[in-house]
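# Chains, contacts and geometry: an overview
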Amino acid sequence: MKRHIALLLALVMCLGLLCSCTKKEEQTPPATDNQGESGQTDNKKEEEKVEKIYVDFSEKHKDNLYDIKDKIKINGRCLFDEEKGILAAWSNSGIEFAGWFDGNIRLYFTSSVYVPVPYYVVVDGDYENAKNVELTPQKAYISLANVEKGYHTIGIYKVDGANTSSSMYLTEIEYKGKLDQSPIEKSMKIEILGDSISCGIGLVSPKYDDDAYYSYGAIAARNLNADLSIVAVGGWGISCGVKSFENVIPRIFDLTCYFADKEQKWDFENNQVDAVIVNLGTNDYLEYANKEDRFELHNAL
């Protein structure tokens, strides 16, 4: 009898456990309406992301550089004019921009002087195979690159010095696709104050006898992934220039570009740099080299 009672109790306990499990399964709540809305919201966000990166590569644009100056990287001390455009006069100065492009990318410009101005064009950071172009005043534009459909970076860098082309304004870029809304980021900013050495004058490059693109400063900046500003003029010094006590960099250092505008001050507050390189003194020495008393040179410096 006791054995039968024990078996009966064991059976009751098993049935109780089974009922308990069944209840737990039944109590698991189904997806609520709120959870459904959340899922829909996530899907909508994903759709918005896709829309943001979607690019109509057949859509053609012609952007005024002044209007998009916050979306491009400016190299060097450049002048801005709402009507004329961007004046990139200093050695190695120019612009950089990026985006989703397909096909030909054109740069438009204007000039009041009938002298070609040489530039280098770098596509996708390929500095070793920079393309040489000349902005000829008789033309309205040049082709910067003819690229395959995709994301590309474009850099344009001036070859010669500031006193050779103070009226060449870059005005517009034309392309198919979409311009990236953010300027190209670099790791640091460098400014060089110097003379012909910093301009690359006398340097024999693959293209020119004078070439700022292959100057020590430009090469160093590329290796450091740095923005570069060169404020340098051939024959100028720190206390005197060759045959002139007026041609000194300290006299024009606070100006944006002396050769284009002798009044506009440079905005140092909004153009902070990480390093300043001063490479001056060669022309000072040449001027004082024949002086009997060399102390004049030391006092001037």
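See the structure shown above.
Counting from 1, residues in each chain are numbered in the order their sequence is written. Selection of residues for local features in this predicted model requires a pLDDT of at least 70, selection of side-chain atom pairs for listing and counting requires 80 or more, and totals for whole chains, interfaces and linings are taken over all residues. Excluding hydrogens and water, the side-chain figures rest on all heavy atoms present in the structure.

## Quick look at the packing of aromatic side chains
Quick note on the threshold: Classification of ring pairs uses Phe, Tyr and Trp, with its six-membered ring standing for Trp, and accepts pairs whose centres are within 6.5 Å; under 30 degrees between planes counts as stacked, over 60 as edge-to-face, and the remaining range as tilted. We count a stretch as a helix when DSSP gives it H or I for four or more residues in a row; a strand needs E for two or more, and each element gets its number in order from the N terminus. Partly exposed residues are those whose accessible area sits between 20% and 50% of the maximum for their type, while under 20% is buried and over 50% is exposed, using a 1.4 Å probe and protein chains only. Geometrically, a charge over a ring is one whose NZ (Lys) or CZ (Arg) sits within 6 Å of the ring centre while staying within 35 degrees of the ring normal.
Evaluation of the coordinates by the stated rule reveals 14 aromatic pairs. Judged by centre distance (5.2 Å) and plane angle (40°), the rings of phenylalanine 253 and phenylalanine 268 are tilted. Residue phenylalanine 253 is found in the loop between α5 (249–252) and β12 (255–257), and its partner phenylalanine 268 is found in the loop between β13 (261–265) and β14 (275–279); the two are separated by 15 residues along the sequence. Given the relative accessible area of 27%, phenylalanine 253 is considered partly exposed. The partly exposed category is assigned to phenylalanine 268, whose relative accessible area is 32%. Through successive ring pairs, a cluster of aromatic residues spans Tyr120, Tyr157, Tyr208, Tyr213 and Tyr214. Here the guanidinium or amino end of lysine 62 rests over the ring plane of tyrosine 108, the centre of that ring lying 4.0 Å away.

## Points about the sheet that holds strand β10 (residues 188–194)
As a reminder of what qualifies: Two strands qualify as a pair provided that DSSP identifies no fewer than 2 bridges between them. Angles here are taken between N-to-C directions and fall from 0 to 180 degrees, while the axes themselves are lines fitted to C-alpha atoms, restricted in helices to the stretch in contact.
Strand order in the open sheet formed by three strands is β11-β10-β14, with parallel pairing between adjacent strands. The open sheet has two edge strands, β11 (226–232) and β14, and neither has a second partner. Geometrically, the sheet is characterised by an average inter-axis angle of 15° between neighbouring strands, direction not taken into account. As judged from the five bridges shared by β10 and β14, these two strands associate in the parallel manner. From the neighbouring strand, leucine 193 faces β14, where its bridge partner is valine 278.

## Topic: the pattern of salt bridges
What counts here: Salt bridge, as used here, is a side-chain nitrogen of Lys or Arg placed within 4 Å of a carboxyl oxygen of Asp or Glu.
One pass over the full model with this rule turns up nine salt bridges. Across the pair aspartate 227 and lysine 73 runs a salt bridge whose closest N-O atoms are separated by 3.2 Å. Within this pair, whereas aspartate 227 is found in strand β11, its partner lysine 73 is found in strand β2 (residues 73–75), the two being separated by 154 residues in sequence. Accessibility assignment for this pair places aspartate 227 and lysine 73 in one class, buried. Two residues, lysine 186 and glutamate 96, come together in a salt bridge whose shortest N-O distance is 3.2 Å. With a gap of 90 residues between them, lysine 186 in the loop between β9 (169–179) and β10 and glutamate 96 in strand β5 (residues 94–110) connect regions that are remote in the sequence. Accessibility expressed as a relative area gives 18% for lysine 186, which makes it buried. Residue classification places glutamate 96 among the buried residues on the basis of a relative accessible area of 3%. Each of Lys73, Glu96, Lys186 and Asp227 takes part in one network of salt bridges that share partners.

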